[in-house]
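Letter by letter, the chains look like this.
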Amino acid sequence: MARLERKIAVITGAADGIGHAIAEAMAREGAHVFLGDIADSAGEEFAAALRAAGYRADYVHCDVSQKADIIGLIDSAVKKTGRLDVMVNNAAIAIGGMPVHEMTDEQWHRLIAVNLTSVFRGCKYALPHMIAQKSGSIINMASAQGHIGLDGWTAYAGAKGAVMAMTRQMAVEFGPMNIRVNSISPGTINTPMNDRLIKEIGGNLARAWVKMHPLGRIGEPSEVAEAAVYLASDAAGFTTGTDLRVDGGLTAAPRYVPELL
Ligand SMILES: NC(=O)c1ccc[n+]([C@@H]2O[C@H](COP(=O)([O-])OP(=O)(O)OC[C@H]3O[C@@H](n4cnc5c(N)ncnc54)[C@H](O)[C@@H]3O)[C@@H](O)[C@H]2O)c1
């Protein structure tokens, strides 16, 4: 039997990258997926492709920095299906690669709006439905950078650290209502976000990333999606308040530079 049969899942940032892989994997496992993103044509096309493959999928425009859009995405899932089983707060942006004293207030506020306030709101507006049904699984996308330091990414790391702290807090608060709240911390994953960083920062960034991961490669979005399917599924019924690292060993060995040994 499919692992997410009859579950209703909302995924933000689902038009590309890790969110796309999560949506595809959850649909394949039987969930009805509601995809939110700002890339409307890619999102619509993706949802149509999932439906053509026989899965249940809807796309809804959702800029996660906008409260009304998050409410609209969650409401559309609940109006259409009557419930909400899984909320994946995945969308985020990468603003960094500069020392903290060179970051502008505008950059800081944009990053916090898209990467952190969005998670607060995604949880805030999903929880009442889950409380009413006395079940639910919330999955917040954190990062290896919430665990270890990397030059130039203070604000991004701060937001991801806060995502993990909020995840633990909500797991405690809503466990008695049978709502599980977990996060995932990916290492470097092969997504458009990182393609853009390689273009912007250049140099040996791609090679350095490979070296930093003890498994000797960066990860694939499908490998993060597997972790999300597990946390959404009943197989993870006793798992809450945890952060699942899908990072190729990156945080076990920060600065893995074998040629220096
Ligand atoms: N790629 C990595 O190496 C990596 C590592 C650790 C954590 N993460 C986290 O994983 C998540 C997904 O990252 P990714 O690499 O797939 O990113 P990505 O940039 O490749 O894809 C992000 C998706 O989110 C959408 N998006 C961007 N801004 C949005 C907004 N305001 N509202 C709604 N959607 C928006 C984009 O259109 C895109 O479809 C993020 O939370 C990121 O911080 C990624």
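- The name an unreviewed UniProt entry assigns to the protein is Short-chain dehydrogenase, from the organism Mesorhizobium kowhaii.

### Describing the site of the ligand
Okay, step 1: Around the ligand, the structure places 29 residues, and the nearest of them are D37, N90, Y156, T191 and R196.
Okay, step 2: At 2.7 Å, a backbone N or O of N90 approaches an oxygen atom of the ligand.
Okay, step 3: A distance of 2.7 Å separates an oxygen atom of the ligand from a polar side-chain atom of N194.
Okay, step 4: Calculation on the ligand without its partners gives an accessible area of 830 Å², and the protein chains cover 93% of this total.
Okay, step 5: Secondary structure elements with two or more residues in the shell around the ligand: α1 (17-28), α5 (154-174) and α6 (192-201).
Okay, step 6: If one sorts the elements of the shell around the ligand by residue count, α6 sits on top with four residues.
Okay, step 7: Of the residues belonging to the shell around the ligand, the class tally is 16 nonpolar, eight polar and five charged.

### Quick word on the side chain of S183
Okay, step 1: Mapped onto the elements, S183 comes out in strand β6 (residues 179-186).
Okay, step 2: Residues within four places of S183 in sequence aside, it is in contact with N140, A142, M164, T167, L231, T242, D243 and L244.

### Let's talk about the environment of E173
Okay, step 1: Its location among the elements puts E173 in helix α5.
Okay, step 2: Taking the C-alpha atoms as reference points, E173 and G149, 24 residues apart in sequence, are found 29 Å from one another.

### A closer look at the sheet that holds strand β2 (residues 32-37)
Okay, step 1: One open sheet holds the seven strands; their spatial order is β3-β2-β1-β4-β5-β6-β7, and the pairing between them is parallel. Looking along the sheet, the strands with just one partner apiece sit at the ends: β3 (56-61) and β7 (243-246). Averaged over all pairs of adjacent strands, the angle between strand axes in this sheet comes to 20 degrees, irrespective of strand direction.
Okay, step 2: Inspection of the sheet shows strand β1 (residues 8-12) paired to strand β4 (residues 86-89) by three bridges, in the parallel sense. Its bridge partner being in β4, V10 is matched across the sheet by M87.
Okay, step 3: Helix α3 (residues 67-81) rests against β1, β2, β3 and β4 of the sheet, and its axis sits at about 160 degrees to β2.
Okay, step 4: Across the sheet, helix α4 (residues 105-133) touches β4, β5 (136-141) and β6, and the angle it forms with β4 is around 175 degrees.

### As for the environment of N89
Okay, step 1: Here N89 is to be found in strand β4.
Okay, step 2: Relative accessible area serves as the criterion here: at 5%, N89 is assigned to the buried category.
Okay, step 3: Between the C-alpha atom of N89 and that of K211, which follows or precedes it by 122 residues, the distance is 29 Å.
Okay, step 4: If we ignore the near neighbours within four places in the chain, the residues touching N89 are T12, S118, V119, G122, C123, I138, I139, N140 and M141.

Reading the values: the criteria
- Per chain, residue numbering runs from 1 following the sequence as it is written.
- Local features in this predicted model are restricted to residues whose pLDDT is 70 or higher, and side-chain atom pairs enter the listing and the counts only when it is 80 or higher, whereas totals over whole chains, interfaces and linings include all residues.
- Side-chain measures were taken over the full set of non-hydrogen atoms in the model, leaving aside hydrogen atoms and water.
- Throughout, the term near means that a residue has one or more heavy atoms lying within 4 Å of the molecule or strand in question.
- N or O atoms within 3.5 Å of each other form a polar contact, as long as, within protein, one can give a hydrogen and the other can take it, and as long as residues adjacent in sequence are counted only when both atoms are side-chain atoms.
- Computed with a 1.4 Å probe, the accessible areas rest on the Shrake-Rupley method; for each residue, only the protein chains presented here act as cover.
- Runs of H or I in DSSP of at least four residues are treated as helices and runs of E of at least two as strands, each being numbered from the N terminus.
- Residue polarity follows a fixed list, in which Ala, Val, Leu, Ile, Met, Phe, Trp, Tyr, Cys and Pro are nonpolar, Asp, Glu, Lys and Arg are charged, and the others, Gly among them, are polar.
- The criterion used for residue contact is that any of the two residues' heavy atoms lie within 4.5 Å.
- In short, DSSP must find at least two bridges between two strands for them to pair.
- Axis definition: a line fitted to C-alpha atoms, limited for helices to the stretch in contact. Angles are taken between N-to-C directions and run from 0 to 180 degrees.
- The buried label applies to any residue whose accessible area, calculated with a 1.4 Å probe on protein chains only, is under 20% of its type's maximum; exposed applies above 50%, and partly exposed to all values in between.

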